[in-house]
Each structure stands twice: as C-alpha cells, then as structure tokens.
Amino acid sequence: MSLSTIYEAPRKPAGPGETVVTSTCGHNCGGRCVVNAHVVDGKIEHISTDMRPWDADHPPLPACARGVGQIERIYHPDRLKYPMRRTGPRGSGQYERITWDEALDEIAQQLVRVRDTYGNAAILDGSRSGNTALLHSRAAVKRFLYKFGGCTDLWSSMSCEAEMFAIRMTYGPGVSYKAAGREPTDYVNSKLIIMWGWSPGDGTFGTGTMRYLQEAKKRGVRIICVDPRQTRTSRQLADEHIFIRPSTDAAALIAMAYVAVSENLHDQAYCDRHVQGFDEATLPPGAPQGSSYRSYLMGEADGVPKTPEWASKITGIPADVIHRLGVEFATAKPAALQDGYGPGRTAYGEQFHRAVFALAAITGNVGIVGGNSGVSNGATGYSGLNGLSSGPNPIDAKVSSPLLADLLARGEGGGYPADIKFIYAAGGNLFNQAPNVKKMAESLDGVEFIVGQDHFLTPTTRHADIVLPATTFWERNDVHTPWAGAGHYAIFMQKAIEPMYECRNDIDIFTDLAERVGIDDYNDKTEEEWLRELTKDTVADFDAFRENGVARFPVPKDAVAYAQQIRDPENHPFSTPSGKIEIYSTVLGENPDPYGLGDIPAIPTWVPHIDDDAQFPLSMCSSKSRARTHSIHGNQDRLGRVDPDNVWLNPADAEARGIRDGEMVRVFNQYGAAITPAKVTDDMAPGVVAMKDGAWYAPDHSPGADGVDRGGCPNTVTGDVSAPSGSTTYNTGWVEIQPTNVG
C-alpha cells in the first residue's frame with residue numbers, strides 16, 4: 001500500500017449522453033460502499049457499483065442490494081414533495097400543503113413559545129441516524145437546538161451503548177469504540193474466530209468483511225458461531241454453530257473463563273503484566289478482598305462455581321459444549337472473539353461485552369496479531385476526518401434512549417428533566433425504532449408540537465404537526481468514511497441531481513430557522529467550504545478527491561487495537577485509571593451506579609433476569625433485515641423481496657401451537673401485538689423467536705382491532721426498559737404466538 005493518499009474513480013466511463021457520479025449510501029447501514037449514479041437528462045437512470053476484482057490489499061467497495069436499490073427509494077411515489085400541515089388526528093396521515101415560509105414561521109413561533117413557557121428541557125431532539133455523513137447528519141439538528149438554548153437529549157446509542165460503555169470501563173476512554181477492534185486484514189492470522197452474535201452477512205460490519213472472513217476460512221482458520229439464529233454468515237462460514245438462549249450470553253462466557261482458569265489454560269504472565277483484577281494480587285487499592293474475577297469464577301465470593309453445568313441451565317448450551325469451547329478458545333492462540341451488538345441489547349448487556357473482553361484478556365489475546373480485544377469494529381476509526389460540530393448542550397437534560405416511551409408518558413412526574421412539549425424529528429424514526437411503540441403513540445397527548453423532517457411519511461412523521469421534505473444524499477454533496485472504522489478511505493458523495501420537488505437540505509432548513517429565532521452564528525459557509533474545512537487535515541487534494549470519488553489513505557502500523565499498550569505498556573499505558581486492562585473496573589468500584597439506572601458490578605457478572613412466565617414462554621429477539629437499514633427502505637416493495645418480513649420460530653414451537661410455515665400469526669405480550677407471517681425453520685433455536693428490525697409500525701384502529709400492528713414491527717412487543725449502562729434491551733423479552741384464526 002502506498003504511503004500517500006491515492007485518488008481513484010471506481011466507475012466505468014460514462015456512455016453517450018450520460019453522466020456518472022460516485023457517492024455512498026448516507027445511512028447507518030454497517031457498510032460504506034460505492035454507488036454510482038448514471039444520470040441522463042437530469043434523472044438517475046440506474047445505479048452501478050464498484051466491480052473491480054477482489055484484492056485484499058486494495059479491496060473494491062461493492063454495494064449490497066440496498067445500495068443498488070436506492071433508485072426505487074429516490075423516485076418512490078410516496079416521497080414527501082412539499083411542506084405540509086396536519087389537518088386530522090395525530091397518526092392519521094391527513095395533511096394540507098403549505099409554503100416553506102408558512103411552515104418555517106410556524107415552527108419558529110412554536111419553538112420560541114415552548115422555550116419561553118416551559119424551558120428548553122421541554123424540547124426533545126428526536127433526530128437519529130437516517131442521514132449520516134460529515135456534513136449532512138443529525139449534528140445539523142443538534143447544532144441548531146443547542147444554539148437555541150439546548151434541549152432534552154436521548155443520550156445513549158440504540159445500537160451499541162453496552163459495548164461503548166464496556167470499552168470505557170475495560171480499556172479506557174482513550175480510543176473510540178470504532179477503533180477498538182481489529183482490521184479485517186488480520187482475520188487470516190487467527191487460528192480460531194468465534195463470532196458471538198456477530199453476522200456481517202446480515203449486518204455488514206464493514207464493506208468487504210465477508211470476503212476477508214472467506215479468505216480466512218480458505219486458509220484454515222476455524223470459525224464458530226454462537227447465536228440464537230443460524231444466520232447467513234454462519235451458514236456460509238462456520239465450522240460449527242452453537243445455539244444460545246437470548247440474554248444469557250454473559251453466563252456462557254463466564255463459564256468459558258472458569259474452564260480456562262480451573263484447568264490452568266489462562267495466560268498468568270500476561271495477566272500479571274497487563275490486567276487489573278484478574279486475581280487478588282492485582283486488585284486496585286481499596287477493593288474488597290475476594291472481589292477479583294478469579295474469586296468470582298471459582299465461587300469463592302458467593303459459593304457458586306461458574307461451571308459449564310451452571311451456565312448450561314441458564315443458556316441452553318450443553319455443558320460439554322461450553323467446556324469444549326472454553327478449552328478450544330484458551331488453547332488455540334491466537335484466537336479472536338468478534339462480538340456483535342445484539343447480545344448487548346439486553347437487560348444487562350454491558351456484562352456480555354465485559355465478559356467477552358475479560359475472556360480475551362485472561363487468554364492473552366488482546367493486542368496481538370491474530371487476536372482481538374473482543375470488539376466488533378475495525379481498528380483505526382475515521383482517519384482524521386471531522387464531522388460538523390454540534391457544540392455542547394447548554395442544559396443538562398439527558399434521558400437514556402430506550403426510556404423514550406416512559407419519558408413521554410410520565411415526564412417530570414416520573415423523574416425526567418421535563419414534560420416534553422416539542423419534538424423535532426429530523427432523519428429519525430424513533431416512534432418506530434424505540435421500544436414499546438404502542439405506549440409511545442398513546443403518550444403524545446401532552447406534546448404540543450412535532451416537526452417531522454424526512455423523505456417519507458414514516459410512522460414518526462405521520463404524527464407531526466408540520467412535515468418538511470428533506471433531500472436525499474443524491475441531491476447534495478458530502479463526504480463519508482468507513483462505518484466500521486477499517487479500510488482507510490473516504491468517499492466523496494457527489495451530487496447527482498438537483499433537489500426534487502420542494503425538498504431542501506437539512507442545513508439550509510436550519511439556517512433559515514436560525515434567522516427566524518435570532519441565532520446569528522449557525523452557518524457561515526457554503527456546502528463546499530464546509531467540506532473543504534472538514535477534510536483539510538487528511539485530504540491533501542480536495543479537487544482530485546471530488547473528481548475521482550474515493551481517497552485511499554495509508555494503513556496504520558498495527559492492524560490490531562491496543563498493540564502498542566501490550567508491546568510497550570510503560571510508555572503506552574491503557575487510558576484506564578490503572579493504565580491496564582481493567583477486568584475489575586476502578587470507575588465502577590468507586591461508583592457502581594454511574595447513570596442512576598442500576599448498579600453495575602466492578603467485575604463481569606451474571607445478573608439473573610430470565611423470565612419463565614408461562615403466559616409468554618418464547619424468548620424474543622430482533623434481527624437485522626438485509627432489505628433495510630433499520631427502518632430505512634421499509635416502504636420499498638421490490639427491495640423487500642430480498643429479505644421478506646416474518647417471525648422465525650423452531651418447528652417444535654410451531655407444531656405445539658398449530659402454526660404452519662407461511663401462515664399469518666399474532667405475536668403478542670403485555671406491550672402489544674403484531675401480525676406477521678410465520679417462518680418455521682430449524683435455523684431458530686427452540687424456545688426462541690425472531691422478528692426483523694425496522695418493519696413499519698401500522699396500528700389497526702378499526703373496531704375490535706385494539707391497535708394491533710399489521711406492519712410486523714418488533715417494537716410492538718419490546719419493553720421501554722434501560723440496561724444500567726443506558727443500553728437498549730430489545731433482546732430481553734418474552735412473547736406468545738398463535739395463528740390469527742385463534743382467539
């Protein structure tokens with residue numbers, strides 16, 4: 001690889017009368033791939049991608065079906081075309097067309113009224129990751145609201161807060177969570193890779209990741225998958241698939257650590273030098289005796305050794321399999337744990353990630369070639385490129401994201417910063433993606449004004465008082481970087497067509513709103529000036545970058561995170577208080593409840609929480625759809641055929657309920673009910689069911705329907721509960737399923 005930046009055009013030359021421009025999907029999809037728009041007479045005729053031959057040292061950036069399916073989205077008949085004002089009940093979809101001036105004047109007046117009447121905490125930032133890039137992103141919303149005096153923030157990541165928290169507690173805050181894993185180029189150096197709730201064949205985790213895994217498998221790397229579902233990744237790559245009950249992953253990993261330690265297979269010298277709290281000798285000053293991880297594993301603290309037999313009763317994995325897995329991981333050095341986000345979206349999801357990191361550490365696999373920290377992402381982050389700054393929030397009003405429904409329902413009386421009176425939802429579909437959607441929809445009576453700024457009348461935007469039509473990434477310029485941190489490139493998102501209808505860029509909308517409410521420093525640059533400013537520290541030749549489309553940057557010295565800390569700990573300590581990998585967290589030892597959401601033990605611990613209520617006996621989890629990016633593309637019929645919506649259940653569970661493959665079923669629990677087709681498959685663990693994330697909530701309000709969701713949205717049956725770390729708990733839940741002709 002060159003030591004300087006390479007600018008390249010990953011597209012074929014334009015044909016007669018055609019212009020071809022390169023961009024990438026401006027969505028939070030897990031990849032960052034090339035999509036080329038072929039434009040004729042101002043219209044995108046088709047979309048191509050990077051079709052160069054595979055080269056591990058200089059990989060192509062090919063798009064998936066969602067990327068090449070963008071043409072269906074941009075020209076969808078349901079695109080929002082002009083500003084609208086609500087004329088019917090919330091959620092009815094009844095609107096009238098108004099002008100931009102009318103819309104912005106009313107929004108500005110309502111913002112000022114709510115701020116002056118209730119205070120800034122009554123304003124909720126309802127944006128999310130529907131737009132992602134350096135310039136046009138949710139930072140535009142935050143920048144405006146913060147300059148307006150602040151707002152209530154939903155502070156935690158709905159995807160990976162548990163992992164982010166665990167990284168800070170274990171490895172320290174000095175490295176971004178997307179820079180705490182390893183490059184996919186290093187996969188071939190492992191002897192064993194355990195993919196734990198990690199399926200790049202469904203959730204991507206970086207463009208080209210599957211190709212690197214295929215190369216590793218070809219070279220003899222053993223791959224094991226642990227997941228409640230047998231995924232596409234598992235079917236294509238795994239030598240062995242191990243089914244596990246959702247929300248029990250920490251117990252299995254703790255038992256694997258017990259096996260390693262009890263059979264003296266751990267790396268004691270590595271622990272002595274690099275790890276805090278593995279044993280009593282390395283506990284920090286002031287930590288109680290008997291509080292080390294080893295003491296916990298052996299049962300010295302609570303009288304319960306964390307044996308495979310102990311874990312088997314919790315996880316559903318046979319004890320002999322857990323034992324074998326523990327031995328294999330401890331002896332196959334270098335071995336790598338690649339953990340996904342799903343097992344962390346549970347009631348105590350931070351314990352899953354901390355247990356992963358602990359197992360990687362005690363076996364000496366952190367910071368070495370072919371090993372891994374246990375983190376899912378790549379090793380070097382954003383290559384020095386900067387995003388639009390939102391600045392600080394002037395007020396301290398923060399709520400854990402999974403508690404949105406409860407915030408709306410109870411407000412100040414429930415201990416939250418304020419009663420929410422104004423919601424600005426731009427590039428977000430929280431009324432679909434946050435848990436307990438029925439409760440959310442039924443808790444909007446006290447909200448006095450909602451703005452929906454989007455491309456479609458989504459389940460969120462349908463509740464807005466004013467709807468604003470925003471541009472897609474094809475209708476503006478921007479720059480994007482690898483989602484998973486690896487790959488070391490940037491893509492210039494070249495504008496392909498002029499904004500359609502009356503659609504406007506988010507930043508332009510907020511610039512006009514800023515003028516109306518007296519903010520004079522929101523935006524002082526043109527789009528090009530912003531992009532030059534944000535890329536100046538990394539991109540030496542902006543014009544060459546814009547013309548070609550892709551900039552490839554030099555690769556780092558180390559392909560594995562924390563290699564310096566392990567190689568030279570005296571000069572490059574971890575950013576934890578101890579300067580070591582902290583299995584015993586100094587921060588949690590001093591303050592076990594940092595967010596007021598519940599105590600978190602100082603060491604990775606199994607916290608019992610599994611519900612065996614006979615009323616709802618099936619464990620429920622949400623899985624990724626290959627046809628959507630969260631809820632984006634949820635209204636694209638053709639793309640939807642790539643991965644149809646349904647609920648997966650094991651044949652034994654289907655037979656017990658008289659359910660046939662393909663028939664419509666009702667999935668329900670105490671939170672709500674959804675109607676969706678059944679997929680009866682051996683790819684689902686017994687006692688577990690799965691629905692696909694992002695299906696659009698479509699409540700039926702006809703007489704007797706009781707608001708049952710006919711869109712198959714999994715958040716109809718998820719609870720608005722936060723993990724102690726602030727993580728979502730989508731995958732800790734229980735349901736029952738019955739044919740729709742029953743009851």
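Before reading on, note that the structure itself is shown above.
Residues numbered from 1 in each chain as written. Predicted model: local features only at pLDDT ≥ 70, side-chain atom pairs only at ≥ 80, totals over all residues. Heavy atoms only, no water.

## A word on unusual backbone geometry
- Cis geometry is found at the peptide bond from K333 to P334, where omega equals 0°.
- Structurally, P334 is set in the loop between α13 (319-331) and β13 (335-339).
- Positive phi, close to 70°, is recorded for Y562, a residue that is not glycine.
- On the accessibility criterion, Y562 (4% relative accessible area) is buried. (Helix = DSSP H or I, 4+ residues; strand = E, 2+ residues; numbered from the N terminus. Buried < 20%, exposed > 50% of the residue type's maximum accessible area, 1.4 Å probe, protein only.)

## Comments concerning the layout of surface pockets
- Its volume calculated, the second largest pocket comes out at about 620 Å³.
- Taken together, 35 residues line the second largest pocket, and the ones lying closest to its centre are P62, A63, C64, T204 and M210.
- Looking at the lining of the second largest pocket, the elements that each hand over two or more residues are α1 (65-68), α6 (200-203), α7 (209-218) and α8 (232-237).
- Residues belonging to the lining of the second largest pocket are distributed by class as follows: 13 nonpolar, 14 polar and eight charged. (1 Å grid on protein atoms, 1.4 Å probe; cavity = no way out; pocket = protein on both sides within 12 Å on 5 of 7 lines; lining within 4 Å. Points joined across faces, edges and corners; volume = space filled by probe spheres on them. Nonpolar A, V, L, I, M, F, W, Y, C, P; charged D, E, K, R; others polar.)

## Regarding the packing of aromatic side chains
- What the rule picks out here adds up to 24 aromatic pairs.
- Here the aromatic rings of F144 and Y522 are separated by 6.4 Å at their centres, their planes lie at 75°, and the arrangement is edge-to-face. Taken together, the positions of F144 in helix α4 (residues 139-147) and Y522 in the loop between α18 (506-517) and α19 (527-535) put the pair 378 residues apart, joining distant regions of the chain.
- Overall, the relative accessible area of 3% leaves Y522 in the buried class.
- Relative to Y595, the ring of W155 lies with its centre 4.7 Å away and its plane at 50°, an arrangement referred to as tilted. Here W155, found in the loop between β8 (153-154) and α5 (161-170), pairs with Y595, found in the loop between α22 (586-590) and β22 (618-623); they are 440 residues apart in sequence, far enough to count as distant. (Phe/Tyr/Trp six-rings, centres within 6.5 Å; stacked < 30°, edge-to-face > 60°.)

## As for the pairing of strand β2 (residues 19-23)
- Of all five residues in β2, four are buried, a share of seventy percent or more.
- The sheet contact formed by β2 and strand β3 (residues 35-40) spans five bridges and is antiparallel. Paired with T19 across the two strands is V39, which belongs to β3. (Pairing = 2+ DSSP bridges.)

## Re the nonpolar core
- I194, W196, L253, M256, Y293 and I581 are the most contacted members of the largest nonpolar core, which has 61 residues in total.
- When residues no more than four places from it in sequence are discounted, the contact partners of Y293 are I254, A257, G277, F278, A358, I583, I603 and P604.
- Of all hydrophobic cores here, the second largest spans 48 residues; its members include I107, L111, A490 and V539. (Core = buried A, V, L, I, M, F, W, Y, C linked by side-chain atoms within 4.5 Å. Contact = heavy atoms within 4.5 Å.)

## Brief notes about the side chain of R143
- Inspection of the secondary structure assignment puts R143 in helix α4.
- There is no salt bridge for the buried R143, and the closest opposite charge comes from D524, which lies 5.5 Å off by N-O distance.
- Only 2.8 Å separates the side chain of R143 from the backbone oxygen of Y522, close enough to count as a polar contact.
- Leaving out residues up to four positions away in the same chain, R143 has contacts with L388, S389, S390, D521, Y522 and W530. (Lys, Arg positive; Asp, Glu negative; His and termini not counted. Salt bridge = Lys/Arg side-chain N within 4 Å of Asp/Glu carboxyl O. Polar contact = N/O pair within 3.5 Å; in protein donor to acceptor, adjacent residues only side chain to side chain.)

## Describing α19
- Turning to α19, its buried residues number three or more, namely W530, L531, L534 and T535. Seen from one end, α19 has its buried residues packed into an arc of 115°, which puts them on one side. (Arc of directions from axis to C-beta.)

## Quick notes on the sheet that holds strand β20 (residues 550-552)
- The strand order β1-β20-β19-β18 describes an open sheet built from four strands, whose pairing is antiparallel. Where the open sheet ends on each side, the last strands, each with one partner, are β1 (6-8) and β18 (478-480). Put simply, the sheet's adjacent strands are angled 20° from each other on average, direction ignored. (Axes fitted to C-alpha atoms, helices over the stretch in contact; angles between N-to-C directions.)

## Examining the environment of L618
- Within the secondary structure, L618 is located in strand β22.
- In this structure, the C-alpha to C-alpha distance between L618 and F449, residues 169 residues apart in sequence, is 39 Å.

## Let's talk about the packing of helix α12 (residues 308-315) against α13
- Between α12 and α13, whose axes approach to 8 Å, the crossing angle comes to 120°. It follows that α12 is oblique to α13 by the angle criterion. Our pair here, α12 against α13, has a crossing hand that is right-handed. Here P308, E309, A311, S312 and T315 of α12 lie close against α13, whose contacting residues are A319, I322 and H323.
- Among the residues forming the contact of α12 with α13, the class breakdown is four nonpolar, three polar and one charged. (Parallel < 35°, antiparallel > 145°, perpendicular 65-115°, else oblique. Left-handed = near helix turned anticlockwise from the far one by under 90°.)

## Examining the side chain of D125
- Among the structural elements, D125 can be located in strand β7 (residues 123-125).
- A distance of 2.8 Å separates a polar atom in the side chain of D125 from a polar atom in the side chain of K142.
- Not counting residues up to four positions away in its chain, the partners in contact with D125 are R138, V141, K142, L145, C151, T152, D153, L154 and Y424.

## Some thoughts on the sheet that holds β7
- Pairing within the open sheet is mixed, and its six strands lie in the order β6-β5-β17-β16-β15-β7. Taken across any chain shown, the strands that pair with only one partner, and hence form the sheet edges, are β6 (95-97) and β7. On average, adjacent strands in this sheet sit at an angle of 20° to one another, irrespective of strand direction.
- The sheet contact formed by strand β16 (residues 449-454) and strand β17 (residues 466-469) spans four bridges and is parallel. Across the sheet, residue V451 finds its bridge partner in β17, namely I466.
- Packing against the sheet, helix α3 (residues 100-118) makes contact with β5 (84-86), β7, β15 (422-426), β16 and β17, and its axis sits at approximately 130° to β17.
- Packing against the sheet, α4 makes contact with β7 and β15, and its axis sits at approximately 155° to β7.

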